[in-house]
Amino acid sequence: MMARNPGLISRRSLLKMLGVGGAAVLVAACQPKEVEGSVEEEVATKSGQAPVPAAEEVKTIRYLGGFGQSWEDFYNTEVLPKFYDLHPNYKVEMTLIGSWPDLYNKIVTSTAGGMPPEVTRQKDFFTPDFIVRGLQQELDEYVAAKAPHIAEDQYVPHAWSNMHWSGKLVALPLLIFNHYPHFNIELYKKAGLVDSDGAPVAPDTWEDVREQANKLKDPSNNVYGTFLRDEGGKEDTVNFFHVWLAQAGGRLIDEEFSRFMFNTPEGLDALTFWVDLIKDGAMKPPGVSIEGIIPQGHVGMWWHASSYWVAYRRDNPDFEWSTAINPMRKTRGAIVRGDHHALFRQSKERDAGFDFLAFHQTPEITLAYGKNQMMIMPRYDVMSDAFYKEPYMGVPGAVYSVEFEQLEQPGNQPQPIFPGYQESSYKIGAQLILACMQEISPEQALDQAEKEANDVLASARRLLGVD
Amino acid sequence: MDINHRNGTVPRRLVGRIKGMVFRSHLMHSMIFAVALLGALVFIIPFAWTVTTSLKPDAQVMIFPPKWIPSPIQWRNYYDALVRLPFDRFFLNTAIVTLTSLVGDVIVNAVVAYGFARMDFPGREPLFYVLLATMMLPSQVTMIPVFIIFRKLGWIDTFYPLIVPSYFGNAFYIFLLRQFFRTIPDDLEHAARIDGANQARILWSVILPLSGPAIATVAVFSFMFHWQDFFRPLIYINSTHLRTISLGLQLFKTGYGGTVYNQMMAATVVCTLPSLILFFATQRYFISGIVMTGMKN
């Protein structure tokens, strides 16, 4: 009898192994584990099958927020103790993520995976992605029932309107910012652009910006008059363009967020202004990288918000700057934008989550937020606090009152939020950069950018059933 | 000098040719060395910048052009970085995940690879191709279904999603080990069978001892992957006390310009050290790839 090759597995053995494996799978599949916070449990609760919870049951609020240890320390020392005093049976599980894209990924995965957080901190333009998918909870009824301190007249106008989608309140404003001119005092003195007190003379018009930027530039010392804010062709590039577009009297997108409309004489005015400055050597062009460009004194005039001041003094303890509202073209407009707090519809403790949201909107916590992070908060009763009357870290020109004055300008526009915002921004930003690098004309750039961005927008709206 | 090869010496024309060959060889080696040195510099500059930034005071971090030698050298950044955040906890968490995953990767993949390399069963080749095909699936495609599986198991915010998948095979490691196992002569296996060894005994006593370089390669790759893994801990871990070092490093970011780069770089250097040490300690071992045989040809 021929010996069987010992390396071969017999058919019988193979079938036995498959049978055992299949049985194991069946046994595992027949015993699903009940998971706290799962959608199944919510359904069971709604159908009356779950037991009645105990009176002192601890309610866990899962909070997904942004950035690092300093925020975690702030919450643990200043926010949560006060929140627990009001709600002793609540517990907040906080997960802070160090970058916006990673935070977005975590929110998406948790929500799509059936385990949405109760509350998130998010960029304003995250909101439409979630609201059109029915993931984010509308807040009008909650506010009416539980939060009288959250009222339209308490907030900066565009910060309030930015929280709405299809006329409904879908998020609460956490913090806001808008971009306005900053000036390097030392470079302004060197260029002779100061008044009798030695303070920089702020440009009143675009022509003043052009004149000053040309006087400030010093190629031999790698100094530019001004620079594009984030020339990577990303969302910030488009946001910066939107600031200039608003001053030129134009709009980025229509009011229904259905069609981009920046390929206009106003859009051309704004983009041509940038390109001409770059041609003069007065504006740092894209592709030229200068680390620490602001605190190391490589730019005379730039557009920023007070939230960035902490980096200036960290990187150069002797750095001094001043600020002013935007120069006039047809308006002195800026774009009001900021972070949102959102409540997720399918979260387990939605009511408790709203309590946490509403707690952030109290004047005391709003002010604590602003002080801790050196940021502008959107409530009028907070903006009048003594904290905002003092110059930042003793820098005479770094006063919050300028940002407040900018927030009240009639030409301001809210940050548009709509599905496909990020994707269309990349298309627009890429064309703007090509124009700035003079590879195409501003007319070509705007034409191509609007076409591509509208294609992306239409596709996003179709996919999400917005139309 | 006039030399004649018939007397045991080499003709002049051959001397010239040999000298030319030696010169060209030296020139070639020098050029290769120069190119390799240039490449090494290009790769080492980012790490060098990380190290120098970790020693800089705040005001020198963003200076342009960069100051390669900080003055003063601020060693305190290392202490501040590692004390500011619970990096002892992060290191422990990462070590737990990495070492347990490494054991799984080595043992399980070796067993599976042995089956594909040495055992003949119906459908072996098609099954192997299916296994290879799974390498084509981007992780983004499976991210949410896998999350749902772990959610239903109650494993979110635990180490299980980071460790358990290592005990269910990895297509790349299986492929790598299978290819190595196939280079081991069958005669060794037949000899072991004659001595009464079964499959498990052959794997343990014959195949694995001869597979040191391949096992070391899998171990190094597994260690480096799990040590540096960011995306899976991001998705599955919520609690601070369960964070790994990759998530811990993110806590240095404060948003809107407040990131403390020098401390972040200091922590990065410390966290990179285990991978560096492991690589330099084992590179000769897994590059060598020599199979020993006990049979005469």
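On a predicted model such as this, the values are computed, not experimentally measured, just so you know. (Residues numbered from 1 in each chain as written. Chains lettered and ligands numbered in written order. Predicted model: local features only at pLDDT ≥ 70, side-chain atom pairs only at ≥ 80, totals over all residues.)

K.L.:
Mind laying out the overall build of chain A, listing which residues take part and the relevant values?
P.N.:
Across its full length, chain A carries 18 helices and 13 strands. Counting the 467 residues in chain A, one finds 48% classified as buried. Relative to all contacts within chain A whose residues are 6 or more apart in sequence, the contacts with residues 24 or more apart total 76%. (Helix = DSSP H or I, 4+ residues; strand = E, 2+ residues; numbered from the N terminus. Buried ≥ 20, exposed ≤ 12 C-beta atoms within 10 Å, placed from the backbone. Contact = placed C-beta atoms within 7 Å.)

K.L.:
An account of the overall build of chain B is requested, with residue identities and associated values reported.
P.N.:
For chain B, the helix and strand inventory stands at 13 helices and 0 strands. Reading the secondary structure of chain B in the N-to-C direction produces α-α-α-α-α-α-α-α-α-α-α-α-α. In summary, chain B has a C-alpha radius of gyration of 27 Å against a globular reference of 19 Å for 297 residues, an excess of more than 25%. Taking the principal axes of the C-alpha coordinates as reference, chain B spans close to 85 × 65 × 30 Å. Expressed as a percentage of the 297 residues in chain B, the buried residues total 28%. (Rg over C-alpha atoms; globule rule 2.2 N^0.38 Å.)

K.L.:
Describe the domain arrangement of chain A, and please don't skip the residues or the numbers.
P.N.:
In many analyses, interface size is given as the accessible surface area lost on bringing the parts together. Residues and elements named next belong to chain A. Domains assigned within chain A are domain 1 (59–177 + 338–387) and domain 2 (180–336 + 401–463). Look at where the C-alpha atoms of domain 1 and domain 2 centre, and you get two points 29 Å apart. Across the contact, 17 residues belong to domain 1 and 18 residues belong to domain 2. Among the secondary structure elements, those contributing two or more residues to the side of domain 1 that touches domain 2 are α5 (127–131), α7 (157–161) and β6 (172–177). (Domains from an automatic or database assignment.)

K.L.:
An account of the domain arrangement of chain B is requested, with residue identities and associated values reported.
P.N.:
Under the domain assignment, chain B is made up of domain 1 (5–54) and domain 2 (83–288). The partner domain 2 of chain B presents 6 residues to the 4 residues of domain 1 of chain B that form the contact.

K.L.:
Please set out unusual backbone geometry residue by residue, giving values where relevant.
P.N.:
Proline 72 of chain B follows serine 71 of chain B through a cis peptide bond whose omega is 5°. If you check the backbone angles, phenylalanine 67 of chain A has positive phi at about 75° while not being a glycine. Tracing the backbone through its elements, the reader meets phenylalanine 67 of chain A in the loop between β1 (59–66) and α3 (69–86). If you check the backbone angles, phenylalanine 257 of chain A has positive phi at about 55° while not being a glycine. The residue phenylalanine 257 of chain A is located in the loop between α10 (235–247) and α11 (265–279) in this model.

K.L.:
Let's hear about the sheet that holds strand β10 (residues 301–304) of chain A: which residues, and what values?
P.N.:
All names here are of chain A. Judged by pairing direction, the sheet is antiparallel, and its 3 strands sit side by side in the order β10-β7-β11 without closing on themselves. Of all the strands in the sheet, just β10 and β11 (321–323) have a single pairing partner and so form its edges. Going from strand to strand, the sheet's axes swing by 35° on average, the running direction of each strand aside. Inspection of the sheet shows strand β7 (residues 180–184) paired to β10 by 4 bridges, in the antiparallel sense. Bridge pairing links tyrosine 180 to histidine 304 in β10. (Pairing = 2+ DSSP bridges. Axes fitted to C-alpha atoms, helices over the stretch in contact; angles between N-to-C directions.)

K.L.:
Describe the packing of helix α8 (residues 186–194) of chain B against helix α9 (residues 199–207) of chain B, with residues and values.
P.N.:
Residue and element names in this part refer to chain B. Running from N to C, α8 and α9 cross one another at 125°; their axes reach a closest spacing of 10 Å. Classified by the angle between their axes, α8 and α9 sit oblique to one another. Between α8 and α9 the crossing geometry is right-handed. Between α8 and α9, the contacting residues are Leu188, Glu189 and Ala192 on the first element and Ile202, Ser205 and Val206 on the second. Across the contact of α8 with α9, the residue classes break down as 4 nonpolar, 1 polar and 1 charged. (Parallel < 35°, antiparallel > 145°, perpendicular 65-115°, else oblique. Left-handed = near helix turned anticlockwise from the far one by under 90°. Nonpolar A, V, L, I, M, F, W, Y, C, P; charged D, E, K, R; others polar.)

K.L.:
Summarise the interface of chain A and chain B; cite the residues concerned and give the values.
P.N.:
In this complex, chain A contributes 41 residues to the contact, which on the side of chain B involves 35 residues. Listed by contribution, the elements that provide at least two residues to the side of chain A that touches chain B are α1 (11–29), α3, β2 (90–97), α4 (100–112) and α12 (309–315) of chain A. A per-element tally of the side of chain A that touches chain B places α4 of chain A first, with 5 residues. Across the side of chain A that touches chain B, the residue classes tally to 16 nonpolar, 17 polar and 8 charged.

K.L.:
Please give an account of the nonpolar core that cites residues and values.
P.N.:
Note on soluble globular proteins: their nonpolar side chains tend to be buried together. If you look at the biggest cluster of nonpolar residues, it comprises 119 residues, and the most contacted ones within it are Leu245, Leu271, Trp274, Met283, Phe356, Leu432 and Cys436 of chain A. Of the residues that make up this core, three or more belong to each of domain 1 (59–177 + 338–387) and domain 2 (180–336 + 401–463) of chain A. Grouped together as the second largest cluster of nonpolar side chains are 17 residues, Met62, Val260, Met265 and Ala267 of chain B included. (Core = buried A, V, L, I, M, F, W, Y, C linked by C-beta atoms within 7 Å.)

K.L.:
An account of the confidence of the model for chain A is requested, with residue identities and associated values reported.
P.N.:
Residue and element names in this part refer to chain A. A residue-level look at chain A finds 89% of positions with pLDDT of 70 or above and a mean pLDDT of 87. Helix α2 (residues 39–46) is the least confidently modelled element of chain A, averaging 42 in pLDDT, while helix α9 (residues 206–216) averages 97, the highest of any element. Predicted confidence is poor over residues 29–53, with pLDDT under 50, and the contacts of this stretch with residues over four places away or in other chains come to 21 contacts. (pLDDT = per-residue confidence, 0-100.)

K.L.:
Can you lay out the packing of helix α3 (residues 87–118) of chain B against helix α7 (residues 171–181) of chain B for me, pointing to particular residues and giving the numbers?
P.N.:
Residues and elements named next belong to chain B. Put simply, α3 and α7 touch, their axes get as near as 8 Å, and they point 50° apart. When the interaxial angle is binned, α3 and α7 end up oblique. For the crossing formed where α3 meets α7, the hand is right-handed. Contacts from Asp105, Asn109, Ala110, Val112, Ala113, Tyr114, Phe116, Ala117 and Arg118 in α3 reach Tyr173, Ile174, Leu177, Arg178 and Phe181 in α7. Here the residues of the contact of α3 with α7 sort into 10 nonpolar, 1 polar and 3 charged.

K.L.:
Go over the pairing of β2 of chain A with me, naming the residues and quoting the values.
P.N.:
Residues and elements named next belong to chain A. Note that β1 and β2 share 8 bridges and pair parallel. Across the sheet, arginine 62 pairs through a bridge with glutamate 93, a residue of β2. Since β1 and β2 lie parallel, the crossover through α3 that links them has a hand, and here it is right-handed. (Right-handed = clockwise from strand over helix to strand, strands pointing away.)

K.L.:
Any details on helix α10 (residues 212–228) of chain B? Residues and values, ideally.
P.N.:
With 17 residues, α10 of chain B ought to run about 24 Å at 1.5 Å a step, and its terminal C-alpha atoms sit 24 Å apart, in line with that. Listing the buried residues of α10 of chain B in full gives Ala214, Ile215, Thr217, Val218, Ser222, Phe223, His226 and Trp227 of chain B. (Expected span 1.5 Å × (residues − 1).)

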